[in-house]
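Report on the structure
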Amino acid sequence: MRIDLHTHSATSDGTDTPTGLVLAAVAAGLDVIALTDHDTFDGIPEAQEAGRRAGLEVLGGIELSCEHDGRPVHLIGYGCDPSASPLLDELVRLRAGRAGRLQAMVDRLAALGLRLTVDEVLAKAGVSPSVGRPHVADVLVDKGYVADRAEAFRDYLADGRPGFVPRYSTPLGRGIDLLHRAHGVAVIAHPWGRGNREVMTAPYLESLVRSHGLEGIEVDHQDHDPETRSLLFAMGGRLGLIRTGSSDYHGRGKTDHDLGCNLTRPSAYRDIVRRIGERGGELPR
Ligand code: AMP
Ligand code: FE
Ligand code: FE
Ligand code: ZN
């Protein structure tokens, strides 16, 4: 069983349609994927329908934009009921914050001599209700200002760079509670990626387990080097956490994140599905 529990479609900042993602997953020899778009469930029905036709199991997921101590933390919810209203209300707020910062980003980039408009960014986001920096990056690429998304983030869009504008994110503990109220299972994505190791300490993670019932952490991810993976695997075991692995595939939007480059063990996947079933969430299809 080859299981990849963190992927993106063009319904957020990936480049494949949900159907295209499923076909690419089959071609990569996967048996199960989770679609975990940023702050939206919109791609899941299409992905599950394509999965049914192509013989691929698709678990519905979401990657919720959270924060702790002023740092962005990505929280994955598996098997959430997409109609649970407190979570839906929070998604509306997150997506409004995403769209609401675009004009400020465009203005900052204009001051640097990079000319683009909010409408061009929204057109680039297309069907995605979750517009983000990757779509800004894609416009900069189209206009020849940068070669690719990675260069756009490095020179302009990453936190601390001149085009960066912060946006609203959900406090992490509240994010876990919202996923649970939607009958989902909460797993922190790439917890020690991108400078987050200092804030995501073992005592803090333990407090999330005790006070919020955090269920898992992503261990095998491209943002974690081999030593980080072994430390996280051991710590997750001590805390009784489910330990997952994934590609965090974004299609052409991120290199070195090929489908299936990291996998989740079948025992960990069964644990997630069992918990979703016990609390009445949305089982994979
Ligand atoms: P935003 O959602 O607007 O805060 O943008 C964050 C998203 O940008 C993340 O979900 C990543 O998918 C993407 N991202 C962050 N850093 C990079 C990078 N260096 N190259 C390409 N994509 C990136
Ligand atoms: Fe992304
Ligand atoms: Fe992420
Ligand atoms: Zn992701």
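Residues numbered from 1 in each chain as written. Chains lettered and ligands numbered in written order. Predicted model: local features only at pLDDT ≥ 70, side-chain atom pairs only at ≥ 80, totals over all residues. Heavy atoms only, no water.

Observations concerning the side chain of Asp16
Take Asp16: it is sitting in the loop between strand S1 (3-7) and helix H1 (18-27). At 5.4 Å, Arg252 is the nearest oppositely charged side chain to Asp16, a buried residue that forms no salt bridge. Non-local contacts of Asp16, meaning those with residues more than four positions away in its chain, are made with Ser9, Ala10, Leu21, Ala24, Tyr249 and Gly251. (Helix = DSSP H or I, 4+ residues; strand = E, 2+ residues; numbered from the N terminus. Buried < 20%, exposed > 50% of the residue type's maximum accessible area, 1.4 Å probe, protein only. Lys, Arg positive; Asp, Glu negative; His and termini not counted. Salt bridge = Lys/Arg side-chain N within 4 Å of Asp/Glu carboxyl O. Contact = heavy atoms within 4.5 Å.)

Some thoughts on the coordination of the iron ion (ligand 3)
In ideal tetrahedral geometry, four donors around a metal make angles of 109.5 degrees, whereas ideal octahedral geometry with six donors gives angles of 90 or 180 degrees. Bound to the iron ion (ligand 3) are the protein donor atoms Glu63 (OE), His74 (ND1) and His190 (NE2), situated 2.1 to 2.2 Å from the metal. Read in sequence order, the donor residues for the iron ion (ligand 3) give the motif E-x10-H-x115-H. Separating the iron ion (ligand 3) and the iron ion (ligand 2) is a distance of 5.5 Å. Of the two residues, Glu63 is situated in strand S3 (residues 57-68) and His74 in strand S4 (residues 71-78); the sequence distance between them amounts to 11 residues. (Donors = N, O, S within 2.8 Å, 3.2 Å for Na, K, Ca; no water.)

A few points about the packing of aromatic side chains
One pass over the full model with this rule turns up 0 aromatic pairs. For Arg93, the ring lying beneath its charged end belongs to Tyr168, and the centroid distance is 3.9 Å. Seen from the ring of Phe233, Arg243 lies directly overhead, with NZ or CZ sitting 3.8 Å from the centre. (Phe/Tyr/Trp six-rings, centres within 6.5 Å; stacked < 30°, edge-to-face > 60°. Lys NZ or Arg CZ within 6 Å of the ring centre and 35° of its normal.)

Topic: the pairing of S4
Within S4, 6 of the 8 residues are buried, which leaves the element mostly enclosed by the surrounding structure. Linking two consecutive strands that pair antiparallel, namely S3 and S4, is a turn of 2 residues; a positive phi of about 55 degrees is found at Asp69 within it. Here S4 pairs with strand S6 (residues 185-188) via 4 bridges, running antiparallel. Residue pairing across strands places Ile76 opposite Val187, the latter belonging to S6. (Pairing = 2+ DSSP bridges.)

Examining the coordination of the zinc ion (ligand 4)
Taken together, the protein ligands of the zinc ion (ligand 4) are His6 (NE2), His8 (NE2), Glu63 (OE) and Asp248 (OD), with distances of 2.1 to 2.3 Å. Site description for the zinc ion (ligand 4): donor spacing in sequence, H-x1-H-x54-E-x184-D. Between the zinc ion (ligand 4) and the iron ion (ligand 2), the interatomic distance is 4.6 Å. Residue His8 is found in the loop between S1 and H1, and its partner Asp248 is found in the loop between strand S8 (242-245) and helix H11 (266-278); the two are separated by 240 residues along the sequence. Among the residues examined, Asp248 registers a relative accessible area of 2% and is labelled buried.

Looking at the site of ligand 1
Residues in close proximity to ligand 1 total 15 residues, the closest being Asp13, His38, Arg101, Arg133 and Arg167. A distance of 3.5 Å separates an oxygen atom of ligand 1 from a polar side-chain atom of Lys254. Across the complex, the protein chains shield 87% of the 500 Å² of accessible surface that ligand 1 would expose by itself. Elements with a contribution of two residues or more to the shell around ligand 1: helix H6 (133-142) and helix H7 (149-157). (Near = heavy atom within 4 Å. Polar contact = N/O pair within 3.5 Å; in protein donor to acceptor, adjacent residues only side chain to side chain. Areas by Shrake-Rupley, 256 points an atom, 1.4 Å probe, with all protein chains shown as cover.)

Quick look at the environment of Ile33
Examined against the element boundaries, Ile33 turns out to sit in strand S2 (residues 32-35). Judged by its relative accessible area of 0%, Ile33 falls in the buried class. Spatially, the C-alpha atom of Ile33 lies 10.0 Å from that of Gln48, the residues being 15 residues apart in sequence. Apart from the residues within four sequence positions on either side, Ile33 is in contact with Asp4, Thr7, Leu21, Val22, Ala25, Leu56, Glu57, Val58 and Leu59.

Brief notes about the packing of helix H5 (residues 118-125) against H6
The N-to-C vectors of H5 and H6 enclose an angle of 105 degrees; their axes lie 8 Å apart at closest approach. In terms of axis orientation, H5 runs roughly perpendicular to H6. The residues of H6 that touch H5, namely those facing Glu120, Val121, Lys124 and Ala125, are His135, Val136, Asp138, Val139 and Asp142. Its residues assigned to classes, the contact of H5 with H6 shows 4 nonpolar, 1 polar and 4 charged. (Axes fitted to C-alpha atoms, helices over the stretch in contact; angles between N-to-C directions. Parallel < 35°, antiparallel > 145°, perpendicular 65-115°, else oblique. Nonpolar A, V, L, I, M, F, W, Y, C, P; charged D, E, K, R; others polar.)

Things to note about the domain arrangement of the protein chain
Looking at the assigned domains, one finds that the protein chain contains domain 1 (3-93 + 168-278) and domain 2 (102-157). Each of domain 1 and domain 2 has a C-alpha centre, and these two points are 25 Å apart. Counting from both sides, the interface comprises 10 residues of domain 1 and, opposite them, 8 residues of domain 2. Of the roughly 590 Å² buried where domain 1 meets domain 2, counting both sides, 48% is carbon and sulfur surface. Our enumeration of links across domain 1 and domain 2 arrives at 0 salt bridges. Applying the counting rule to domain 1 against domain 2 returns 5 residue pairs in polar contact (both at pLDDT 80 or more). (Domains from an automatic or database assignment. Buried area = accessible area lost by both parts, 1.4 Å probe.)

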